[in-house]
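# Summary of structural features
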Amino acid sequence: MRLMAVIKLLPDETQAQVLLDTIQAVNAACTYASQMAWEQKAFGRKALHTLVYREIRARFDLSAQLAVHAISKVVDSYRGKGKRRGLHTFKELGAIRYDSRILRLKLEKRTVSLSTLRGRLEIPFAAGESQLHLLRHPAGELTSWLFVRRGEFFLAVVCEVDDSEAIEPEGVLGVD
């Protein structure tokens, strides 16, 4: 079963600004890619990638993987019935996706290493015991979302845990 572990990042002031800049740049790249997709009617992953990848990397100073995730976010937003009725824009502080290529969890140190506009940052995090237990079982391809709420940064990590076994009662079980 897949569950989500949400941890609170504890960046210093400089790290917080870099995280904020990265989130804003990725979402600005999404809005740009969406505008190009809409104008060129290029809603498929390959077509949009070919159209905007190099420009996104150059204009928004994104790493290769952050650029790929920005394009995927746009493609996913237009996927499905009725989703192509108008131009999509993206919130300045919308969540951005991370995977195992650009994110490393270091549970023993309680830090996370993230790719940003300024290279990799190692940021401490706070998590309860239940989240730490879940984080020991990340889903096959580590998938996470970085987001900000009320000025604080969080990372939501998809985890794969075994379904708990059903308990077989012994004897008589009664309910009044």
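Scroll up a little and you will see the structure.
Below, the structure is looked at part by part. A quick note: this is a predicted structure, and the numbers were derived from the prediction, not measured. (Residues numbered from 1 in each chain as written. Predicted model: local features only at pLDDT ≥ 70, side-chain atom pairs only at ≥ 80, totals over all residues. Heavy atoms only, no water.)

## Points about the packing of aromatic side chains
The following threshold applies: Two rings from Phe, Tyr or Trp (for Trp, the six-membered ring) form a pair when their centres sit within 6.5 Å of each other. Planes less than 30 degrees apart are called stacked, planes more than 60 degrees apart edge-to-face, and all others tilted. Each helix corresponds to a stretch of at least 4 residues labelled H or I by DSSP, and each strand to a stretch of at least 2 residues labelled E; elements are numbered beginning at the N terminus. Working definition: with a 1.4 Å probe on protein chains only, accessible area under 20% of the residue-type maximum means buried, over 50% means exposed, and in between means partly exposed. Note on geometry: a ring has a charge over it if NZ (lysine) or CZ (arginine) is within 6 Å of the ring centre and within 35 degrees of the ring normal.
If you walk through the whole model with that rule in mind, you get five aromatic pairs. Ring plane angle 20° and centroid distance 6.4 Å describe the contact between tryptophan 38 and tyrosine 78, whose orientation is recorded as stacked. Of this pair, tryptophan 38 sits in helix H1 (residues 13-40) while tyrosine 78 sits in helix H3 (residues 64-78), and the two are 40 residues apart along the sequence. Its relative accessible area of 1% is what places tyrosine 78 among the buried residues. Between the aromatic rings of phenylalanine 147 and phenylalanine 154, the centroid separation amounts to 5.6 Å while the plane-to-plane angle is 20°, which identifies the pairing as stacked. Here phenylalanine 147 and phenylalanine 154 have matching classes, each one buried. Through a chain of ring-to-ring contacts, the aromatic side chains of Trp38, Phe43 and Tyr78 assemble into a single cluster. The cationic tip of lysine 41 hangs over the ring face of tryptophan 38; the distance from NZ or CZ to the ring centre is 3.8 Å.

## Some words on the side chain of threonine 22
In plain terms, the rule: By definition, residues are in contact when any of their heavy atoms lie within 4.5 Å.
Note that threonine 22 resides in helix H1. The residues contacting threonine 22, other than those within four sequence positions of it, are Leu66, Ile96, Tyr98, Thr116 and Leu117.

## Examining unusual backbone geometry
For arginine 110, which is not a glycine, the phi torsion comes out positive at approximately 55°. Here arginine 110 lies in the loop between strand S3 (103-106) and strand S4 (111-116). Within the chain, arginine 150 stands out as a residue other than glycine whose phi angle is a positive 50°. Within the secondary structure, arginine 150 sits in the loop between strand S6 (143-149) and strand S7 (152-160). For arginine 150, a relative accessible area of 85% gives the class exposed.

## Considering the nonpolar core
Where we set the bar: The term nonpolar core refers to a set of buried residues drawn from Ala, Val, Leu, Ile, Met, Phe, Trp, Tyr and Cys, joined through side-chain atoms within 4.5 Å.
The biggest cluster of nonpolar side chains holds 52 residues, and the ones touching the most others in it are Leu9, Ile56 and Leu62. The leading source of residues in this core is H1, at 12 residues. Leucine 9 has contacts with Leu19, Val112, Leu114, Ile123, Pro124, Phe125, Leu146, Phe153, Phe154 and Leu155, leaving out every residue within four places of it along the chain.

## Here's the deal with H1
Spelled out, the test is: To estimate how far a helix should extend, the number of its residues minus one is multiplied by 1.5 Å. Each polar contact in these results corresponds to two N or O atoms within 3.5 Å; when the atoms are within protein, one needs to be able to donate a hydrogen and the other to accept it, and residues that are neighboring in sequence are counted only if both atoms are side-chain atoms.
Given a rise of 1.5 Å per residue, 28 residues ought to cover 40 Å, and the 40 Å separating the end C-alpha atoms of H1 matches this to within 8%. N-capping of H1 is provided by aspartate 12, with a side-chain oxygen placed 3.1 Å from the backbone N of threonine 14. Within two residues after H1, lysine 41 carries a phi angle of roughly 55°, on the positive side.

## Structural notes on the side chain of serine 34
Mapped onto the elements, serine 34 comes out in helix H1. Excluding anything up to four places from it in sequence, serine 34 contacts Val74, Tyr78, Leu87, His88 and Phe90.

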